[in-house]
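Here is what each chain is made of, one letter per residue.
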Amino acid sequence: MAFRRRNKSYPFFSQEFLIQNHADIVFSLVIFILIGLMFEGEVTLYQYGWRDCATILFYFFIIIILHAVVQEYVLDKVNRRLHLSKSKNTKFNESGQLCVFHLVSSIWSLYIIITEGYLFHPSRLWESYPHAHLRFQVKVFYLTQLAYWLHTLPELYFQKMRKEEIPRQLQYIGLYLLHISAAYLLNLSRVGLVLLCLQYLSELGFHIARMFYFTDESHQKMFDLWAVSFVLTRMVTLTLMFLAVGFGLARAENQGLDWNLGNFNTLLIRMTVLIAVCLTQSWLLWKFIRFQLKRWREFRHEQAARKRATAKQTPRPLKRDSLGQHENGVIKAENGASPRSKKIKAP
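Predicted model, so just to flag it, every value in this text is computed and none were measured. (Residues numbered from 1 in each chain as written. Predicted model: local features only at pLDDT ≥ 70, side-chain atom pairs only at ≥ 80, totals over all residues. Heavy atoms only, no water.)

As for the overall build of the protein
On a plain count of helices and strands, the protein comes out with eight helices and four strands. Helices and strands appear in the protein in the N-to-C order α-α-α-α-α-α-α-β-β-α-β-β. Split into buried and exposed, the 347 residues of the protein put 37% on the buried side. Across the protein, the fraction of contacts at a sequence separation of at least 24, relative to all contacts at a separation of at least 6, is 72%. For the protein, the computed accessible surface area is about 22,900 Å², with 64% contributed by carbon and sulfur atoms. (Helix = DSSP H or I, 4+ residues; strand = E, 2+ residues; numbered from the N terminus. Buried < 20%, exposed > 50% of the residue type's maximum accessible area, 1.4 Å probe, protein only. Contact = heavy atoms within 4.5 Å. Areas by Shrake-Rupley, 256 points an atom, 1.4 Å probe, with all protein chains shown as cover.)

Points about the UniProt feature "transmembrane region" (unreviewed entry) in the protein
The feature "transmembrane region" (unreviewed entry), as given by UniProt, occupies residues 21–39, 54–75, 96–120, 193–213, 225–247 and 267–286 in the numbering adopted here. The distance separating the terminal C-alpha atoms of residues 96–120 is 33 Å; by composition the span is 84% helix and 0% strand. Helix makes up 100% of residues 193–213 and strand 0%, whereas the separation of the span's terminal C-alpha atoms amounts to 30 Å. (UniProt positions renumbered as here; feature names shortened; annotations may be inferred.)

Topic: unusual backbone geometry
For the peptide bond that leads from Y129 to P130, omega is 10 degrees, which places it in the cis range. One non-glycine residue, H83, adopts positive backbone phi at about 55 degrees. With respect to the helices and strands, H83 occurs in the loop between α2 (52–82) and α3 (86–116).

Considering the nonpolar core
Counting residues in hydrophobic clusters, the biggest one holds 48 residues, and the most contacted among them are L125, Y142, W149, I180, L193, Y200 and M241. Mapped by element, the contributors of at least two residues to this core are α2, α3, α4 (136–158), α5 (166–185), α6 (189–215), α7 (221–248) and α8 (267–313). The element contributing the most residues to this core is α4, with nine residues. For M241, the contacting residues outside a window of four places in its chain are V191, L195, G246, V273, L274 and V277. F223, W226, L284 and F288 belong to the second-largest nonpolar core, a separate cluster that totals eight residues. (Core = buried A, V, L, I, M, F, W, Y, C linked by side-chain atoms within 4.5 Å.)

Looking at a nonpolar patch on the surface
On the surface, L110, I114, L119 and F120 cluster together into a nonpolar patch covering about 410 Å² of accessible area. As for its placement among the helices and strands, F120 is situated in the loop between α3 and α4. (Patch = residues over 30% accessible without salt bridge, like charges linked within 9 Å, V, L, I, M, F, W, Y side chains within 5 Å. Salt bridge = Lys/Arg side-chain N within 4 Å of Asp/Glu carboxyl O.)

Description of the environment of A227
Counting through the fold element by element, A227 comes out in helix α7. Classification of A227 by relative accessible area gives buried; the value is 13%. Between the C-alpha atom of A227 and that of F288, which follows or precedes it by 61 residues, the distance is 8.3 Å. Dropping the residues within four chain positions of it, A227 is found in contact with F288 and Q292.

Overview of a positive patch on the surface
A surface patch of positive charge is lined by K91, K287, R290, K294 and R297. The dominant element in the positive patch, judged by the number of residues it contributes, is α8, at four residues. Tracing the backbone through its elements, the reader meets K91 in helix α3. (Lys, Arg positive; Asp, Glu negative; His and termini not counted. Charge placed at Lys NZ, Arg CZ, Asp CG, Glu CD.)

Some points on α5
Compared with the 28 Å implied by 1.5 Å per residue over 20 residues, the 28 Å span of α5 between its first and last C-alpha is a close match. Within α5, burial applies to Q169, I173, Y176, L177, I180, A183 and Y184. In an axial view of α5, the angular spread of the buried residues amounts to 140 degrees, which keeps them on one side of the axis. Close packing links the buried residues of α5 with α2, α3, α4 and α6. (Expected span 1.5 Å × (residues − 1). Arc of directions from axis to C-beta.)

What follows is the structure, encoded as structure tokens:
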């Protein structure tokens with residue numbers, strides 16, 4: 001199975017060879033894993049354990065293949081038509097991949113929220129804690145999320161990300177891995193599921209606006225719509241966390257730490273979770289305000305530049321006198337002809 005047409009072959013196990021053929025290599029590994037799983041039999045897990053690492057590794061390889069398919073058959077074709085610069089092309093590909101992921105994850109998480117009854121009965125988010133036993137669709141959702149964000153780490157190498165962009169990407173990936181892992185391991189999967197759905201919907205709006213902006217820089221209004229949804233998402237996230245963790249779990253009967261039952265409902269853990277979420281939301285708001293201020297300054301500079309350009313192009317008002325009008329230092333008559341100077345006769 002080949003994802004790309006290759007015009008040049010590179011030495012085996014060289015950097016160019018790995019970058020060019022990483023999707024094919026991963027596909028071959030997935031085939032071997034599938035063959036191995038066929039002989040192990042079907043095992044359904046509803047609690048987390050060490051075997052989840054093997055499942056995450058399997059989904060990790062699958063996502064790399066899907067990443068390459070989206071890049072080859074969708075984004076590359078769009079890029080050929082847009083003729084973007086190298087920097088814009090990289091950002092467009094990043095937003096395109098994240099648009100697909102956020103769209104699928106939003107629909108998937110929303111479906112789970114509706115089928116599990118969390119939408120119309122919010123109290124289920126903290127009732128009957130600990131939620132150590134997960135349904136199959138919830139467990140697969142969390143393992144897929146972890147696999148996706150883990151797969152973005154080697155993609156930084158395969159996509160030849162610029163060094164100055166790597167710290168930003170690592171912060172972005174690290175926050176997702178930290179929060180998803182904490183919700184999964186602390187048995188806060190129900191609250192985490194709703195928060196991920198809200199976050200992915202907000203991020204989906206941003207990357208859609210970003211892609212439209214790269215196609216035509218006059219598309220600025222979609223960023224304004226995203227800005228409203230971003231602020232609302234932060235408010236709902238903080239409200240939901242204080243409602244579920246700060247009040248719901250604080251009033252639960254089973255207070256205390258129990259590793260066997262998966263109960264982590266202690267004051268220290270609740271405060272740690274709340275502080276971590278509040279710090280993350282504050283950091284996101286701070287970056288959002290900086291982004292909006294940068295946009296506002298750029299808009300003001302553009303407006304000032306346009307006014308200066310318009311002022312230069314505006315013709316100066318012309319002064320009239322009894323003979324005609326002055327234009328560029330030349331005296332002209334009313335009919336546009338220059339008056340002839342009279343000759344003075346010598347006496």
